Amino acid sequence: MSSFFIKKKGPQKVFKKSDLPGSKRKNDGSTGNKLQKKLTSKHNEEISSDSETESPAVHRKRRANVEEEFDETPQEKKLRLAKLYLDQLRNEEEKKAEEESFESELIAGRLEEDVVSVPAPIRLLRGHKLPVTCLVISPDDKNVFSAAKDCSIIKWDVESGKRLHTIAGGRKGTEDRHLGHTAHILCMSISSDGKYLATGDMNKLILIWEAATCKHLYKFTGHRGPVSGLSFRRGTHDLYSASHDRSIKVWNVDENAYVETLFGHQDVITGLDSGSRERCVTAGGRDRTVRVWKIAEESQLVFHGHDGSIDCIQLINEEHMITGSDDGSVSLWNVNKKKPLSTVKAAHGQHGDMGLEQPYWVSAVAALHNSDTVASGSHNSKVQLWKCGQGFRRLEPLFSVPVNGFVNSLKFSSSGKFLVAGVGQEHRYVQAWWWECHGLGLHERCRHWGATVH
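A quick note: this is a predicted structure, and the numbers were derived from the prediction, not measured.

What counts and how
- Residues numbered from 1 in each chain as written.
- Predicted model: local features only at pLDDT ≥ 70, side-chain atom pairs only at ≥ 80, totals over all residues.
- Heavy atoms only, no water.
- Pairing = 2+ DSSP bridges.
- Helix = DSSP H or I, 4+ residues; strand = E, 2+ residues; numbered from the N terminus.
- Patch = residues over 30% accessible without salt bridge, like charges linked within 9 Å, V, L, I, M, F, W, Y side chains within 5 Å.
- Areas by Shrake-Rupley, 256 points an atom, 1.4 Å probe, with all protein chains shown as cover.
- Salt bridge = Lys/Arg side-chain N within 4 Å of Asp/Glu carboxyl O.
- Lys, Arg positive; Asp, Glu negative; His and termini not counted.
- Charge placed at Lys NZ, Arg CZ, Asp CG, Glu CD.
- Buried < 20%, exposed > 50% of the residue type's maximum accessible area, 1.4 Å probe, protein only.
- Axes fitted to C-alpha atoms, helices over the stretch in contact; angles between N-to-C directions.
- Core = buried A, V, L, I, M, F, W, Y, C linked by side-chain atoms within 4.5 Å.
- 1 Å grid on protein atoms, 1.4 Å probe; cavity = no way out; pocket = protein on both sides within 12 Å on 5 of 7 lines; lining within 4 Å.
- Points joined across faces, edges and corners; volume = space filled by probe spheres on them.
- Nonpolar A, V, L, I, M, F, W, Y, C, P; charged D, E, K, R; others polar.

Participant: Lay out the pairing of strand S16 (residues 299-304) in plain terms, naming residues and giving numbers.
Facilitator: Pairing of strand S15 (residues 289-294) with S16 involves six bridges; the strand directions are antiparallel. Paired with Trp293 across the bridge in S16 is Gln300. With antiparallel pairing between neighbouring strands as the criterion, S15 and S16 make up a hairpin whose turn holds four residues, including Glu298 at a positive phi of roughly 55 degrees.

In structure tokens form, the structure reads like this:
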């Protein structure tokens, strides 16, 4: 602690003018030196080496300042000591708070590492005879609906993992008497109130079901190619459908009515999604475009960014979306900007011989609505989770979940508590493209996938 100096009471020595430095009295400087020593011992003050050149007025002023500096009453001393004590306590508390904050950050980081390093248990639901192609989760997170290449639809109970209802698929040629699908089901969607379930297949048909009972309600026809995408507008029963015929159709399910058709893509449409606004977003496959369709204005916005076929798309919120491509990249978009905000090349790694490496095709993407969490799937035996960082300006990897097979569909639950993946031994479009592509080109792509086309 600092030392304190208090002026002693008692008779003060009075110095004559002749005794001060700078007087007319002759001296050899010894008197001035003795005075400097006495002041130093009495007041513990430093005197500069050039003090003898100062005038008497300046010296008197300096001596007065010294007396004022060390003239302190007991009350002032107590106040100053109290302030010093409080400052010391404050410094100690700040140091302690910094140490506790550092420790809490270390603990939080360790807990985060532990959560990431120990994934949640994975539950397997088996029931389809052929690869699963698509799935949806009910708005209350109680049920999962899945569809497959065996033309069947299964309703699952999330809590128990049991099958609640199965809509069997029919054989080709029985369309007139079979109420379900008789061709591969490629897409499905459920309304935001959980009332309607819509499914689309290779036979250009859209079937509408009552989600609670799995009762068949309506059949929509009009597309001239396989139905590849379905989405209910959030908060309504308006249904958007996409097809390999390059068109978007709008339906009103309550009225069992067709509304309108939109054109613009130059290749088959491979994915579709919508939010609460009167618009939808689509992925245009080999035309390498993403489009935002403004239904009311009857206009569209065209986006470019991927080097390959854009095969899946999902809205994160009303302003941002995520896409995946067979060039192995995952891109993050803003609906008001024509180029991606961020693109991760080879998001799932590469495979193949040295010098002939090919990126793993991104076959599915999903987004937790109104959050910064997205997921992507491929056939590299894992589902990758991502975080949209820096105000949706970049994608940061979080962790991966091991999954064997082709990830054909991904969906987050509304609560964000779980993620469901539809997995098969081949891509959902493999057999479909066999009839639409040249054999050589398709065979090469399948060789890279590791899939077998029969």
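So that's the structure; there's more coming.
Participant: Tell me about a negative patch on the surface, residues and numbers included.
Facilitator: Together, Glu92, Glu93, Glu94, Glu98, Glu99 and Glu100 make up a region of like negative charge exposed at the surface. Summarising the element assignment, Glu94 is placed in helix H3 (residues 74-117). The exposure class assigned to Glu94 is partly exposed, which follows from its relative accessible area of 46%.

Participant: Any chance you could break down the sheet that holds strand S3 (residues 153-157) for me, citing the residues and the numbers?
Facilitator: Strand order across the open sheet formed by four strands is S1-S2-S3-S4, with antiparallel pairing between neighbours. At either margin of the open sheet sits one strand with a lone partner, and together these are strand S1 (132-137) and strand S4 (163-167). Strand after strand, the sheet turns through a mean of 15 degrees between neighbouring axes, direction not considered. Pairing of S3 with S4, which is carried by four bridges, proceeds in the antiparallel orientation. Each bridged residue has a counterpart across the sheet, and for Ile153 the counterpart in S4 is Ile167.

Participant: Account for a nonpolar patch on the surface, with residues named and values stated.
Facilitator: A surface patch of nonpolar side chains, about 290 Å² in accessible area, is lined by Tyr85, Leu86 and Leu89. With relative accessibility at 48%, the residue Leu86 sits in the partly exposed group.

Participant: Summarise the nonpolar core; cite the residues concerned and give the values.
Facilitator: For soluble globular proteins, the rule of thumb is that nonpolar side chains tend to be buried together. Core analysis: the largest hydrophobic core is formed by 15 residues, its most contacted members being Ile316, Ile322, Leu332, Val374, Cys388 and Leu395. Going through the elements one at a time, strand S19 (330-334), strand S23 (364-367) and strand S25 (382-389) are the ones with two or more residues in this core.

Participant: So what about the pattern of salt bridges? Which residues, and what values?
Facilitator: A full pass over the atoms with the stated rule returns eight salt bridges. Of the charged contacts in the structure, one is a salt bridge between Lys149 and Glu426, with a shortest N-O distance of 2.8 Å. One end of the pair, Lys149, is in the loop between strand S2 (143-148) and S3; the other, Glu426, is in the loop between strand S28 (419-424) and helix H4 (430-436), and 277 residues separate them in sequence. Here Lys149 matches Glu426 in class, with each residue buried. Here Lys345 and Asp307 are joined by a salt bridge, their closest N and O atoms 3.3 Å apart. Of the two residues, Lys345 sits in the loop between strand S20 (342-344) and strand S21 (350-351) while Asp307 sits in the loop between S16 and strand S17 (310-315), which places them 38 residues apart along the sequence. Looking at Lys345, the relative accessible area reads 52%, which means it is exposed.

Participant: So what about the environment of Glu260? Which residues, and what values?
Facilitator: By secondary structure assignment, the location of Glu260 is in strand S12 (residues 257-263). Separated by ten residues in the primary sequence, Glu260 and Val250 place their C-alpha atoms 5.3 Å from one another.

Participant: I'd like a rundown of the sheet that holds strand S10 (residues 238-243), residues and numbers included.
Facilitator: Taken together, the four strands give an open sheet; going across it, the order is S9-S10-S11-S12, and neighbouring strands pair in antiparallel fashion. The open sheet has two free edges, formed respectively by strand S9 (227-232) and S12, since each of these has just one partner strand. Neighbouring strand axes in the sheet, compared pairwise and without regard to direction, differ in orientation by 20 degrees on average. Sheet topology places strand S11 (residues 247-252) next to S12; six bridges connect them, and they run antiparallel. Among the inter-strand pairings, Ser247 is bridged to a residue of S12, identified as Phe263.

Participant: Which residues make up the layout of surface pockets, and what values do they have?
Facilitator: Put simply, the largest pocket is a space of about 1,400 Å³. Along the wall of the largest pocket there are 40 residues; nearest its centre are Ile122, Arg123, Leu419, Val420 and Ala421. Put simply, the parts of the chain that give the lining of the largest pocket at least two residues each are S1, S2, S25, strand S26 (394-402), strand S27 (406-412) and S28. If you tally residues by element for the lining of the largest pocket, the top one is S28, at six residues. Looking at side-chain class alone, the lining of the largest pocket contains 28 nonpolar, nine polar and three charged residues. Quantified by volume, the second largest pocket comes out at close to 970 Å³. Residue lining of the second largest pocket: 47 residues in total, with Val136, Ser189, Asp273, Gln314 and Lys411 positioned closest to the centre. Among the elements of the structure, S1, strand S5 (185-190), S9, strand S13 (271-274), S17, S23 and S27 are those that each provide at least two residues to the lining of the second largest pocket. The residue makeup of the lining of the second largest pocket, split by class, is 22 nonpolar, 19 polar and six charged.

The values are spatial; any link to function lies outside them.
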